[in-house]
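Chain by chain, the residues:
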Amino acid sequence: MADESRPTNGEPENIDATAASGEPANATPPAAPAEAGATETTESTASTGASDMTGKADTPATPTDAAATTTAETTTTTAETTTADSAAAKRAARPRRTRRPAKPAKRPATGSRRAVATGARIATGVVVVALGAAVVGAAFALPLPAITAAPSAETVDPAPAEEVRACPGPLVRLSDESGQDATAISGVGTAQTDEAATTPDAAIDVSALLSPDDRTSTADSAPLRIALPADAAAAGDTLFAAAQSQNVAEGDLVGLATAACGEASADSWLVAGATTVGRTSFVVLGNPGDVPAVVDLALYGEQGAIDAPGASNIDVPARSTRILSLAGLAPDLASPVLHVTAEVGAVTAALQQSVVRGLAPGGAEVAGSIAGASTEQVIAGIRVSGTSSIAEQVGSPETADLQSVLRMVVPGADPASVTIRVAEERTGGTETEYQVGLTPGVVTEFPLQDIPDGLYSVTIDSDQPVVAGARTSTIVNGKTDFAWYQPVEQLDSPFFVTIADGPGARLHLVNETEGDADVVFAKTDGTESTGTFVPGARSLSLEPGSYLVTSSVPVGATVSYFGDGVLSSYAIARPGPEATPITVYP
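Quick caveat, the model's predicted, so the values are computed rather than measured.

## A word on the overall build of the chain
So, step 1. A tally of regular secondary structure across the chain gives eight helices and 34 strands.
So, step 2. A buried classification covers 40% of the 586 residues belonging to the chain.
So, step 3. The long-range fraction of contacts in the chain, counting pairs at least 24 apart against all pairs at least 6 apart in sequence, stands at 77%.
So, step 4. Element-wise, carbon and sulfur atoms account for 55% of the exposed surface of the chain, whose accessible area totals about 29,600 Å².

## Here's the deal with the nonpolar core
So, step 1. Residues L285, V295, L297, L299, L338 and V340 are the most contacted members of the largest nonpolar core, which totals 27 residues.
So, step 2. Residue assignment for this core shows that the elements contributing at least two residues are strand 11 (279–287), strand 12 (293–301), strand 14 (314–316), helix 7 (326–329), strand 16 (337–344), strand 17 (348–357) and strand 25 (479–485).
So, step 3. When residues in this core are grouped by element, the largest group, four residues, is from strand 12.
So, step 4. In this structure V295 touches L285, A311, S312, N313, I314, V316, V340, T341, A342 and V347, once residues within four positions along its chain are discounted.
So, step 5. F495, A500, Y547 and Y561 belong to the second largest nonpolar core, which has 26 residues in total.

## Considerations on empty space enclosed by the protein
So, step 1. For the structure shown, the criterion picks out three cavities of 30 Å³ or more.
So, step 2. Looking at the largest cavity, its volume works out to about 40 Å³.

## Here we look at unusual backbone geometry
So, step 1. Across the junction of S493 and P494, the peptide omega takes the value -5°, indicating a cis bond.
So, step 2. In this structure, P494 sits in the loop between strand 25 and strand 26 (495–499).
So, step 3. Backbone geometry at N477 places phi at a positive 55°, although glycine is not the residue there.
So, step 4. Mapped onto the fold, N477 is located in the loop between strand 24 (454–476) and strand 25.
So, step 5. The class for N477 is exposed, based on a relative accessible area of 67%.

## Some details on the state of the cysteines
So, step 1. A complete count under the given rule lists one disulfide for this structure.
So, step 2. Between the sulfur of C167 and that of C261 lies a disulfide, 1.9 Å long from S to S. With the S-S dihedral at roughly 105°, the linkage between C167 and C261 falls on the right-handed side. Of the two residues, C167 sits in the loop between strand 2 (163–166) and strand 3 (171–174) while C261 sits in the loop between strand 9 (253–260) and strand 10 (267–271), which places them 94 residues apart along the sequence. A single burial state applies to C167 and to C261, both of which are buried.

## Here's the deal with the confidence of the model for the chain
So, step 1. Overall, the prediction assigns the chain a mean pLDDT of 80, with 69% of residues at 70 or greater.
So, step 2. Taken as a whole, residues 1–112 scores under 50 in pLDDT and shows 77 contacts with residues more than four places along the chain or in a different chain.

## Comments concerning the sheet that holds strand 32 (residues 556–563)
So, step 1. Read from one edge to the other, the open sheet built from four strands follows the order 30-27-32-33, with strand pairing classed as antiparallel. A strand with exactly one partner marks an edge of an open sheet, and here the two such strands are strand 30 (536–541) and strand 33 (566–571). Averaged over all neighbouring strand pairs, the angle between strand axes comes to 20°, with direction disregarded.
So, step 2. With six bridges joining them, strand 27 (residues 506–511) and strand 30 adopt antiparallel strand pairing. Of the residues in strand 30, the one forming a bridge with L507 is L540.

## Concerning the side chain of D481
So, step 1. Topologically, D481 is positioned in strand 25.
So, step 2. One buried charged side chain, D481, makes no salt bridge at all; its nearest oppositely charged neighbour is K479, positioned 8.2 Å away.
So, step 3. Within the structure, the side chain of D481 is placed 3.0 Å from the backbone nitrogen of L567, a separation counted as a polar contact.
So, step 4. Apart from the residues within four sequence positions on either side, D481 is in contact with G255, L256, G362, G363, A364, T472, S473, T474, G565, V566 and L567.

## Observations concerning the environment of E528
So, step 1. Note on placement: E528 falls in strand 29 (residues 528–533).
So, step 2. With 20 residues separating them in the primary sequence, E528 and L548 have C-alpha atoms 9.4 Å apart.
So, step 3. Excluding residues that lie within four positions of it along the chain, E528 makes contacts with V520, F521 and A522.

## What about the packing of aromatic side chains?
So, step 1. Scanning all chains against the criterion turns up four aromatic pairs.
So, step 2. Centre to centre, the rings of F521 and F533 are 6.2 Å apart; their planes meet at 65°, and the pair counts as edge-to-face. Of this pair, F521 sits in strand 28 (residues 517–523) while F533 sits in strand 29, and the two are twelve residues apart along the sequence. F533 carries the same exposure label as F521, and that label is buried.

## Re the environment of F495
So, step 1. You can see F495 is positioned in strand 26.
So, step 2. Classification of F495 by relative accessible area gives buried; the value is 5%.
So, step 3. Once residues within four sequence positions are removed from consideration, F495 is found in contact with L239, L509, Y547, L548, V549, V555 and A557.

## Description of the pairing of strand 27
So, step 1. Of all six residues that make up strand 27, five are buried, and the element is covered over most of its length.
So, step 2. As judged from the five bridges shared by strand 27 and strand 32, these two strands associate in the antiparallel manner. Bridge pairing links R506 to S560 in strand 32.

## Describing the pattern of salt bridges
So, step 1. Scanning the entire structure with this criterion turns up 15 salt bridges.
So, step 2. A salt bridge links R173 to E250; its shortest N-O distance comes to 3.4 Å. You can see R173 sitting in strand 3 and its partner E250 sitting in strand 8 (residues 240–250), a full 77 residues away along the chain.
So, step 3. Overall, the relative accessible area of 36% leaves E250 in the partly exposed class.
So, step 4. Between R471 and E445 there is a salt bridge, with the nearest N and O atoms lying 3.9 Å from each other. Here R471 is found in strand 24, whereas its partner E445 is found in strand 23 (residues 444–447), with 26 residues between them in sequence.

Rules and cut-offs
- Residues numbered from 1 in each chain as written.
- Predicted model: local features only at pLDDT ≥ 70, side-chain atom pairs only at ≥ 80, totals over all residues.
- Heavy atoms only, no water.
- Helix = DSSP H or I, 4+ residues; strand = E, 2+ residues; numbered from the N terminus.
- Buried < 20%, exposed > 50% of the residue type's maximum accessible area, 1.4 Å probe, protein only.
- Contact = heavy atoms within 4.5 Å.
- Areas by Shrake-Rupley, 256 points an atom, 1.4 Å probe, with all protein chains shown as cover.
- Core = buried A, V, L, I, M, F, W, Y, C linked by side-chain atoms within 4.5 Å.
- 1 Å grid on protein atoms, 1.4 Å probe; cavity = no way out; pocket = protein on both sides within 12 Å on 5 of 7 lines; lining within 4 Å.
- Points joined across faces, edges and corners; volume = space filled by probe spheres on them.
- Disulfide = S-S within 2.5 Å.
- pLDDT = per-residue confidence, 0-100.
- Pairing = 2+ DSSP bridges.
- Axes fitted to C-alpha atoms, helices over the stretch in contact; angles between N-to-C directions.
- Lys, Arg positive; Asp, Glu negative; His and termini not counted.
- Salt bridge = Lys/Arg side-chain N within 4 Å of Asp/Glu carboxyl O.
- Polar contact = N/O pair within 3.5 Å; in protein donor to acceptor, adjacent residues only side chain to side chain.
- Phe/Tyr/Trp six-rings, centres within 6.5 Å; stacked < 30°, edge-to-face > 60°.

As structure tokens, then:
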């Protein structure tokens, strides 16, 4: 009986041993031991134990895969048994072909072997990581050699430079002398400028700034550049100051306008002006330096922040002044506040305003800039005058801005709770307190009403930084004027003040300490006066001129003017910091 094995793994039967192994077909390989779990099958001839017809020995048993030999494949059916003899006789009649044992198929790894291999790889990785961590830890644990070297450095004292101030120049208007060409800016008259230094022989340099926007500007009427030479500034104890004034009465431009000549800054605020009917306002940007400046203006009004075309990237050439009509940037504003930022360079900022009510001039003023927002602001020297005459006229919209007001804005994002204290600048004077809430970004005007004539200071305490300014008006003998007041800055002692020419000049000092301030006023002509200033704001009358002020405690200062139908004021700004030595690392 013949027993033939058939593959069950789906692969073709390996019959041609020569093709698979490359060995001769009649070569008899040694018998391969059976794999564990495998079934061994043998092929018999017709006569058991006999040789085949060729006289060659039977082929040795071929081991096969246990999975390929199943019970069904190795079992011979009953039909095959009954015909075994006839089949054997037929095979005996034909030559027999010796079969080579099939090459054992490569068995895939079992699940247990894969698990073992994977575990070995993971164990190897863990060992490598542990070794790496041990090496890194040892590197940190071992003391490493420390190499230190002091960098070469050199301290350099900045070269002495001149100290510079810029004056805003004369009042301007929209039109020429004949009243024509209403879009052109032209100057009116000339501002009187006073400058001085604490060192009598210091040669102060005074030169004109170019004013391309003023079509009538000349060297005699242009804004001025005031400079203390470098050699005098290098002395360290030389102080200087400058201020200007102009009392004008020409057509509808009537009033007293005064201003301090200030240092250029990259950041400042203007709280003044209006662009409603009959109100004309100009922004004056001065660049006394030798580097061109680029300026952005951010505007706020009674409705909030204003997107003003043309308020960005304003070029201010070196040693020049730019004059911009505020109505051209934001028309019909009753209470503007401007934030002036120099993206390149630095500028001085001032705002000129004039008023016409119907055909009657309502005054003129030049308002200086303030340093920035603060949670505490003190405004001194506020002159309230002609209250009975003003009360008769403030009922109409055209004269509403005769009312004394405090203008404020919160530039931040949070609302502010503000306490306002209005106090007379005299011992035993009245003091009134108010509570106000401010919406961020919206300009608010708080009326200073029911206040009798006199001099006042206003203190603002807020839980959010605010920017503020005040305005008052006067009517005397049919003449009307107004003034803008800026918050004071604490000044180190001594400081230098120039009081420009004007009627009724007074110097107001604000003592925010709890003790008295002993003050000495030394005029440049050699005369001296002294005074004791109690906490709060007090003032004294001083002749126009320049004064070195020495105080026992820090104080703030404001100059005010009041006369027959004229009113004006300007604050004394804190000088910029001196240049200090710098360290250079080559």
